[in-house]
Amino acid sequence: MRQMPFIVNGRPVSVDAADHTLLVDLLRGPLGLTGTHIGCDTSQCGACTVLLDGAAVKSCTVLAAQAEGRAITTIEGLAAEGAPLHPVQEAFVVCHGLQCGFCTPGMVMTTVDLLSREPQPSAECIAHALEGNLCRCTGYVNIVESVQTAARAMAEGGAR
């Protein structure tokens, strides 16, 4: 075990961790950020998606040591406590893209990454971006609508 520094949700933290610790276990354990879910534990479902230096990664297949010194954003870090929701979070609420909610943090984080690279994605582009995020509740119609609504809101000035 050794001390590893990170920037988590905009704040510097230093955590004792072994080199083989998975990022998802570091986030959910010592850091208590349980919004990042463990679904399949094999990088198939995307429930563990977080942003690493702004890019979506599946934290169940990233070692904490690989993230050392880098910026990690979890679902808890998208909106400050007491502040309005991030436009992507708000769109998922408004469009009922939540379903049971288990996959939602990963869907939201993947969408934030997508919209940072592609502000006005087509439905096909959205479907491609969300390929690695599985929703076991139902179809993706409301989820795709949520992404499109977030894109419009961010284009109208709600971008972060």
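Given the structure is predicted, the values throughout are model-derived calculations rather than measurements. (Residues numbered from 1 in each chain as written. Predicted model: local features only at pLDDT ≥ 70, side-chain atom pairs only at ≥ 80, totals over all residues. Heavy atoms only, no water.)

Peer 1: Can you walk me through the overall build of the protein chain in this structure?
Peer 2: When helices and strands are tallied, the protein chain shows six helices and five strands. Taken from the N to the C terminus, the helices and strands of the protein chain come in the order β-β-α-β-β-α-β-α-α-α-α. Since a compact globule built from 160 residues should have a radius of gyration of about 15 Å, the 15 Å found for the protein chain is in line with a globular shape. Taken along the three principal axes of its C-alpha coordinates, the protein chain extends 45 × 30 × 25 Å. Here the protein chain, with 160 residues, has 42% of them falling under the buried criterion. Element-wise, carbon and sulfur atoms account for 55% of the exposed surface of the protein chain, whose accessible area totals about 7700 Å². (Helix = DSSP H or I, 4+ residues; strand = E, 2+ residues; numbered from the N terminus. Rg over C-alpha atoms; globule rule 2.2 N^0.38 Å. Buried < 20%, exposed > 50% of the residue type's maximum accessible area, 1.4 Å probe, protein only. Areas by Shrake-Rupley, 256 points an atom, 1.4 Å probe, with all protein chains shown as cover.)

Peer 1: Help me out: how do you make sense of the environment of Ile38 in this one?
Peer 2: With respect to the helices and strands, Ile38 occurs in the loop between α1 (23–28) and β3 (49–52). Judged by relative accessible area, Ile38 falls into the partly exposed class, the value being 32%. Along the sequence, Ile38 and Val62 sit 24 residues apart, while their C-alpha atoms lie 13 Å from each other. Leave out the neighbours within four places in its chain, and Ile38 touches Val24, Asp25, Arg28 and Phe102. (Contact = heavy atoms within 4.5 Å.)

Peer 1: Hey, could you run me through the packing of helix α3 (residues 87–94) against helix α4 (residues 104–117) in this one?
Peer 2: Helix packing geometry: the angle between the two helix axes and the distance between the axes. α4 packs onto α3 with a crossing angle of 130 degrees between their chain directions and a minimal axis gap of 9 Å. Compared by their axis directions, α3 and α4 come out oblique. Between α3 and α4 the crossing geometry is right-handed. Contact residues: Val88, Gln89 and Phe92 in α3; Thr104, Met107, Val108, Thr111, Val112 and Leu115 in α4. Of the residues belonging to the contact of α3 with α4, the class tally is six nonpolar, three polar and no charged. (Axes fitted to C-alpha atoms, helices over the stretch in contact; angles between N-to-C directions. Parallel < 35°, antiparallel > 145°, perpendicular 65-115°, else oblique. Left-handed = near helix turned anticlockwise from the far one by under 90°. Nonpolar A, V, L, I, M, F, W, Y, C, P; charged D, E, K, R; others polar.)

Peer 1: I tried to follow the nonpolar core on my own but got confused; where do I start?
Peer 2: In summary, soluble globular proteins display a tendency toward joint burial of nonpolar side chains. Counting residues in hydrophobic clusters, the biggest one holds 22 residues, and the most contacted among them are Val88, Phe92, Met107, Val108, Leu115 and Val147. Contact partners of Met107, with chain neighbours within four places excluded, come to Phe92, Leu130, Asn133, Leu134, Cys135, Tyr140 and Ile143. Leu26, Leu27, Leu33 and Ala67 belong to the second-largest nonpolar core, a separate cluster that totals 16 residues. (Core = buried A, V, L, I, M, F, W, Y, C linked by side-chain atoms within 4.5 Å.)

Shape is all these values report; function is a separate question.
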